[in-house]
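Remarks on the overall topology
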Amino acid sequence: MATDELSSKLSRRLQIEEGAEEPVAVDGPGGHLNGSEEKSSTANADSELGAKLMRREELNEGQGERCQPSMKVFNPYTEFKEFSRQQIKDMEKMFKMYDAGKDNYIDLMELKLMMEKLEAPQTHLALKNMIKEVDEDLDNKLSFREFLLIFRKAAAGELAEDSGLSVLARLSEIDVSTEGVKGAKTFFEAKVHAINESNRFEAEIRQEQEVKKKQAEEQKQRRAAFKELQSAFK
């Protein structure tokens, strides 16, 4: 397990620092490492180890983002309800078309090819930033779920107009004119209208219930008055 291996490395480093164990020399091309190479190697190891420890601590404290389930596990139809089944199928088709490695991920080079096919080539740095913006599991590539996040963010207006992801969403051939990217304004107006309609419907039901309750109370009072009048003639 990764945790056991990390714990073992920490324990060994602690023993070395306390002098309880001798460090193992690592041979380089010339048979040994000089002092500066040793320091550089140790510094890099410490930096990597420190980063791993910091990330694990953040996860334990609930601050960091955990890896999201892969496209084989999560259900896009229940998680991305703002899109229709057909729209999600279209997005999946597009995702698979550019997943040249057929590993259920779109990596940097595949994203580069995608943007070139969309006639919106990006710089290497821009491509890395595109992935970083939706890369929740920090693996430097896009899963299908993260690919769908692009369209969700675009629909919610969370992408800068000139950003690579916004360009990708805008130039895609996916028909989302009524729900999502190209019709984000219409989509959210429709959502607000639906909520208002729902609230109006609920208000009408409550009003009907109040009227029925009032009528029942009046009927009860009339029956009581009639019984009282009836008893007066006995």
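Since this is a predicted model, take the numbers as computed values, not measurements. (Residues numbered from 1 in each chain as written. Predicted model: local features only at pLDDT ≥ 70, side-chain atom pairs only at ≥ 80, totals over all residues. Heavy atoms only, no water.)

A closer look at the nonpolar core
- Judged by nonpolar contacts, the single largest core of 33 residues is most densely connected at Leu111, Met114, Met115, Phe147, Ile150, Phe151 and Leu168.
- Of all the secondary-structure elements, those providing two or more residues to this core are helix H4 (85–98), helix H5 (108–117), helix H6 (124–134), helix H7 (144–155) and helix H8 (164–171).
- Element by element, the count of residues in this core is highest for H7, at seven residues. (Core = buried A, V, L, I, M, F, W, Y, C linked by side-chain atoms within 4.5 Å. Buried < 20%, exposed > 50% of the residue type's maximum accessible area, 1.4 Å probe, protein only. Helix = DSSP H or I, 4+ residues; strand = E, 2+ residues; numbered from the N terminus.)

Let's talk about the packing of H5 against H6
- Direction vectors running N to C along H5 and H6 enclose 105 degrees, while the axes themselves pass 10 Å from each other. The angle between H5 and H6 places the two elements in the roughly perpendicular class. Side by side, H5 and H6 meet where Leu108, Leu111, Lys112 and Met115 of the first sit next to His124, Leu127, Lys128, Met130 and Ile131 of the second.
- Classifying every residue of the contact of H5 with H6 gives six nonpolar, one polar and two charged. (Axes fitted to C-alpha atoms, helices over the stretch in contact; angles between N-to-C directions. Parallel < 35°, antiparallel > 145°, perpendicular 65-115°, else oblique. Contact = heavy atoms within 4.5 Å. Nonpolar A, V, L, I, M, F, W, Y, C, P; charged D, E, K, R; others polar.)

Examining the UniProt feature "domain: EF-hand" (unreviewed entry) in the protein chain
- Taking the numbering used here, the UniProt-annotated feature "domain: EF-hand" (unreviewed entry) corresponds to residues 86–121 and 122–157.
- Helix makes up 64% of residues 86–121 and strand 0%, and the two end C-alpha atoms of the span are 28 Å apart.
- With 64% helix and 0% strand, residues 122–157 has end C-alpha atoms that lie 21 Å from one another. (UniProt positions renumbered as here; feature names shortened; annotations may be inferred.)

As for unusual backbone geometry
- Despite not being glycine, Asn104 shows a phi value in the positive range, around 70 degrees.
- Note on placement: Asn104 falls in the loop between H4 and H5.
- The partly exposed category is assigned to Asn104, whose relative accessible area is 24%.
- Of note, Glu119 is a non-glycine position whose phi angle comes to about 60 degrees, a positive value.
- Counting through the fold element by element, Glu119 comes out in the loop between H5 and H6.

Re H4
- Here H4 spans 20 Å end to end across 14 residues, near enough to the 20 Å set by a 1.5 Å rise per residue.
- All of the buried residues along H4 are Gln87, Ile88, Met91, Met94, Phe95 and Tyr98. Taken around the axis of H4, the buried residues stretch over an arc of 120 degrees, which confines them to a single face. Across H4 from its buried face, at more than 90 degrees, point the exposed residues Arg85, Lys93 and Met97.
- Tucked inside the fold, the buried residues of H4 contact helix H3 (76–79), H5, H7 and H8. (Expected span 1.5 Å × (residues − 1). Arc of directions from axis to C-beta.)

Structural notes on the packing of aromatic side chains
- On inspection of all chains with the given rule, the structure shows five aromatic pairs.
- Residues Phe147 and Phe151 carry aromatic rings whose centres are separated by 5.5 Å and whose planes lie at 70 degrees to one another, so their mutual orientation is edge-to-face. Within this pair, Phe147 and its partner Phe151 are both found in helix H7, separated by four residues, close to a single helical turn.
- By relative accessible area, Phe151 is classed as buried at 0%.
- Clustering of aromatic rings is evident, with ring pairs tying together Phe74, Phe80, Phe95, Phe144, Phe147 and Phe151.
- Above the ring of Tyr77, the side-chain terminus of Arg85 is found at 4.0 Å from the ring centroid. (Phe/Tyr/Trp six-rings, centres within 6.5 Å; stacked < 30°, edge-to-face > 60°. Lys NZ or Arg CZ within 6 Å of the ring centre and 35° of its normal.)

Quick notes on the confidence of the model for the protein chain
- Summing up the model confidence of the protein chain, the mean pLDDT is 75 and the portion of residues at 70 or higher is 57%.
- Considering only residues more than four positions removed or in separate chains, one finds that residues 25–33, a stretch of pLDDT under 50, has five contacts. (pLDDT = per-residue confidence, 0-100.)

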